[in-house]
Amino acid sequence: MATAVELAIEKIDEYKSKIGRTLGTPMRLRDLIRQVRAARTMAEERAVVDRESANIRESFRDDDSPWKCRNIAKLLYIHMLGYPAHFGQMECMKLVAHPRFTDKRIGYLGAMLLLDERSEVHMLVTNSLKNDLTCSTQFVSGLALCTLGSICSAEMCRDLANEVEKIIKQNNAYLKKKAALCAFRIVRKVPELMEVFIPCTRSLLGEKNHGVLMGATTLVTEMCEKSPDVLNHFKKLVPNLVRILKNLLMSGYSPEHDVTGISDPFLQVKILRLLRVLGKDDVRVTEEMNDILAQVATNTETAKNVGNAILYETVLTIMEIKSESGLRILAVNILGRFLLNTDKNIRYVALNTLLKTVHVDYQAVQRHRNVVVECLKDPDISIRKRAMELCFALMNRTNIAIMTKEVLIFLETADAEFKSECASRMYIATERYSPNHEWHLDTMITVLRLAGKYVPDEVVSCMIQMISANEQLQSYAVSQLYHAAQKDAINAQPLLQVAFWTIGEFGDLLLQPTDVDSTPISENDVVGVFESVLPSALTSLWTKCYGVTALAKLGTRFQSTGDRIGALVRMNQAHIQLELQQRSVEFNVILNLGDLRDGLLERMPVITHNSLNAAAPSMIDEEVSAESGAPVVTNGDLLGDLNLGGGGSTNPSNDYSSDLLGVGVGSGAASAQAPPPPPPPTSNSNILDIFGDTPSSNAAGGFDFGMAAPAKEPTYQPVIAINKGGIEVQLQVIETWKNEKARLRMTAYNYTPRTLSNYNFFAAVTKTFEIALEPASSPNIDPNEHTTQFMTITRKAPNTTARMRTKISYIVDGTEQVGEGVVNEFPGL
Amino acid sequence: MIKAILVINNHGKPRLLKFYQHYPEEKQQQIVRETFQLVSKRDDNVCNFLEGGTLIDGNDYRLIYRHYATLYFIFCVDSSESELGILDLIQVFVETLDRCFENVCELDLIFHVDRVHHILGEIVMGGMVLETNMNEILQRIQEQDKIQKQEAGITAAPARAVSAVKNMNISQQLKDIKLPDLPSLSNLKNAF
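In what follows, the accompanying structure is described. Please read these numbers as outputs of a predicted model, since none were measured by experiment.

### A word on the environment of A:G819
Residues and elements named next belong to chain A.
Next, step 1: Tracing the backbone shows G819 in strand β10 (residues 815-823).
Next, step 2: Looking at G819, the relative accessible area reads 3%, which means it is buried.
Next, step 3: C-alpha of G819 to C-alpha of F761: the two residues are 58 residues apart in sequence and 9.6 Å apart in space.
Next, step 4: Those residues in contact with G819 that sit more than four places away from it in its chain are I722, K724, T806, K807 and I808.

### Some words on the packing of helix α8 (residues 138-151) of chain A against helix α10 (residues 173-189) of chain A
Residue and element names in this part refer to chain A.
Next, step 1: Two numbers describe how α8 lies on α10: the axes approach to 8 Å, and their chain directions differ by 20°. It follows that α8 is roughly parallel to α10 by the angle criterion. Considering the relative orientation of α8 and α10, their crossing is left-handed. Taken together, the residues of α10 that come into contact with α8 (itself represented by Q138, F139, S141, G142, L145, L148, G149 and S150) are Y174, L175, K178, A179, C182, R185 and I186.
Next, step 2: When the residues that make up the contact of α8 with α10 are grouped by side-chain class, the tally is eight nonpolar, five polar and two charged.

### Some points on the interface of chain B and chain A
Next, step 1: The interface of chain B with chain A comprises 65 residues on the first partner and 73 residues on the second.
Next, step 2: Taking both sides of the interface into account, the surface hidden between chain B and chain A amounts to around 6,300 Å²; carbon and sulfur atoms contribute 57%.
Next, step 3: Ranking the residues of chain B by area buried against chain A places B:L84, B:F111 and B:M125 at the top, with a combined share of 11%.
Next, step 4: A salt bridge links A:K178 to B:E122, with the shortest nitrogen-to-oxygen separation between them at 3.2 Å.
Next, step 5: Here chain B and chain A share 17 residue pairs in polar contact (both at pLDDT 80 or more) between them.
Next, step 6: At nine residues, helix α5 (residues 134-155) of chain B tops the list of elements feeding residues into the side of chain B that touches chain A.
Next, step 7: A per-class count over the side of chain B that touches chain A returns 23 nonpolar, 20 polar and 22 charged.

### Quick look at the pairing of strand β6 (residues 757-765) of chain A
Along any regular strand, the residues point their side chains to alternate faces of the sheet.
All names here are of chain A.
Next, step 1: The buried count for β6 comes to seven of nine residues, which makes it a mostly enclosed element.
Next, step 2: By the bridge criterion, seven bridges tie β6 to strand β9 (residues 804-812) in an arrangement that is antiparallel. If you follow A763 over to β9, its bridge partner there is T806.

Procedures and definitions
Residues numbered from 1 in each chain as written. Chains lettered and ligands numbered in written order. Predicted model: local features only at pLDDT ≥ 70, side-chain atom pairs only at ≥ 80, totals over all residues. Heavy atoms only, no water. Helix = DSSP H or I, 4+ residues; strand = E, 2+ residues; numbered from the N terminus. Buried < 20%, exposed > 50% of the residue type's maximum accessible area, 1.4 Å probe, protein only. Contact = heavy atoms within 4.5 Å. Axes fitted to C-alpha atoms, helices over the stretch in contact; angles between N-to-C directions. Parallel < 35°, antiparallel > 145°, perpendicular 65-115°, else oblique. Left-handed = near helix turned anticlockwise from the far one by under 90°. Nonpolar A, V, L, I, M, F, W, Y, C, P; charged D, E, K, R; others polar. Buried area = accessible area lost by both parts, 1.4 Å probe. Salt bridge = Lys/Arg side-chain N within 4 Å of Asp/Glu carboxyl O. Polar contact = N/O pair within 3.5 Å; in protein donor to acceptor, adjacent residues only side chain to side chain. Pairing = 2+ DSSP bridges.

Function-wise, these values are silent; they only describe arrangement.
Below, the structure is given as structure tokens:
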């Protein structure tokens, strides 16, 4: 019955359409939509659209047609489907010039959707807009404002800015709010037109209508971001904004703007954002808004999303304007509660914000570490990713052991895309915070095993560099890696690569018993590992290259297994991969060179640089607490204009041997001959960490605690490195070059009437030098007092001039200050 | 700032496209396809924010979306917008549509796309939030619709008597056109 009725209606409708078309009436929009929806294939749909487009074009030629409105409506539908519709632009212009509201409405909609900024039609639409902006009918003016706000070009802005300003001054709230947003777009397009709107905008912020306030706030925010002068101008309005916000908080039930019990959350969010812009880097303005921020943070209901939106914006504002410490702790605690929220969107924005916040208030974020770790197990991949990043940001010397445990659990089941990033970050974290080298090595072996084939090549080369650079670690490393390689490591090619390199270099250490309990390892056992891995089809090309190279080296370190080693090397002489084939042929020849081969296959010189730790200090040998010490910092930014280009390898090795022993991209950094690659982007955050509040370790390379100062050393003139805000930093050579080392003393004088706290001194030297800083005598400097700090510079190339870039950071009256300087010449060096 | 508002159904068909910055037509369609691929592969139990995509102005943009029955409501925004605030704005938009169309469903958006654009124009203008008070929005829409009806009445005076019979059929026809098997959007809004 219902179906029959539908069929009857369809037939009646079709009949009416046919009658209409017979009389010259074009198809109705509804009919076109129905036909498009009835099409079963794309070709059929295109046929329908093409036929109707042709009809529309035909109809456009009749300038007096009363059906323009209908045709444009159909054309907009065609446009949405992705078919060409630009030929309707001129018809839209004709429609907007019509007196009928119906025609204007569809014409302006068409203008917004079809016009582009380069169109010549813009001149025509500018004229229509100018007329309609002054129309007495508010909805016509509203349409014009809406269109101008969507498609304004620079010329259009200049022509119509004054008209928009006039509307802002009118009493019509409906048009005022639209004009404010229109002004926003004009200012964004042509910033110099800002001046037109500055006077009238002040009064906008005194309005009662929430829509007008919303538009005004948006406009002011944009103007303040564009111009520092305007920013200062509107800072005087902070008390007004605070009052509006207070009224929204205090007001009783207001049905007009109530959203689940909260008064106009959208306006609150907008005002909070404007306060953020106004209060940034301005202590006085910040103080004016501290109270209201605390009030919003403590009084806003959190049961619904709108309340959380307000709290979220409040937290962002508190963090951005560097509020007082108590307020920041409150903000971080709000984020901590967000982390426990059942709504995944709330958790996501909390992690996002904590990630940006962690460097502003490190200790406050640390308190929520356990909850962050829990987020590693969230079913949402977006949340897991943010949680992982935040875990690494929160790692420090104190918590690295427990945090590493959690991250490794996460790594075991993580998605493939996470394993790679996690492995890199884990190396950086362990290098900076490891309690000792053995722990660092063990942790990274676990990482290589869990991350499997997803470990980046740079981590492989960095681990090789770590083992190479720490002699006391090598015996332990070769043993641990040997046992790791013995297990089923075929799925962890990078682990095999590190193990092979290490066994090749230090395989002889495996044969020496380390303690009574360990099982003796024989040459046969070691070669057996290679015999089980190398022939496998699952072993990657680069792993085989590492393996062949390692075997060649073992040929000079082992005695009884020479024949087996030779056989393994020769096995690949006909390999289809030229890299492996050539390596096998050449090593086979070398192994038969007699005395010459021992020299060729000696241990590689110490590798002193790798791509991941360019910004991280090397680990100290002694356990020295140096919370206020400054690490060695060598990075491109700080040394940019000090680079003398005199750098070069300080360990020149046999070119023939070096070239021959290279094993491709994976171990490019394993050769001292290779130039150090540039630091990856992740190093930048570490550089920022070092200059922030994060505790950092001391650098001890080359430092000799026990060296006594020789008597009767000549006195050298100090130089002023930094002189800023009453803080003077002097550098003085106290011991000139001896064994390519020199000693300097930094003295910082506080000539201000206030106490400095958390004083930190940083120094960077050019590539031909290394610098190591001792802890400062005190991190706090009272008025008219000073602190001292000693440092040692090591010269890598004789007769080069030392240059240094320096930086200090300290806190005075709760605000962190930073100073910088460059020293180009040191008396005595 | 809101750069684009897209309403796309579960099969990738666009139901509403509004760009607040100019993009060539082919680029607009590319954005629609890519955006749909990004949001459609996400479960309903993951958060409603997305970073990624390569088409809109480089990298300072995010997708914030809600999924209602057969439709995705997707806002492409830059970093100055509050993610949670935009989620609430989508809610205001959907509830307004629900009030304008009396139990709105996808077919209403299909057959009244021009009217949906007009409604959106009273909520978002120039890429920024214009009005969030639903009563104010509805009142303005109704006033403008009334003007349009009055104009239609004036110009159609000669055929009024004949149209009376047709209009009766049309109203009956509209009721029957709504397919009963499409679930209503309003039933799912309460879940958010």
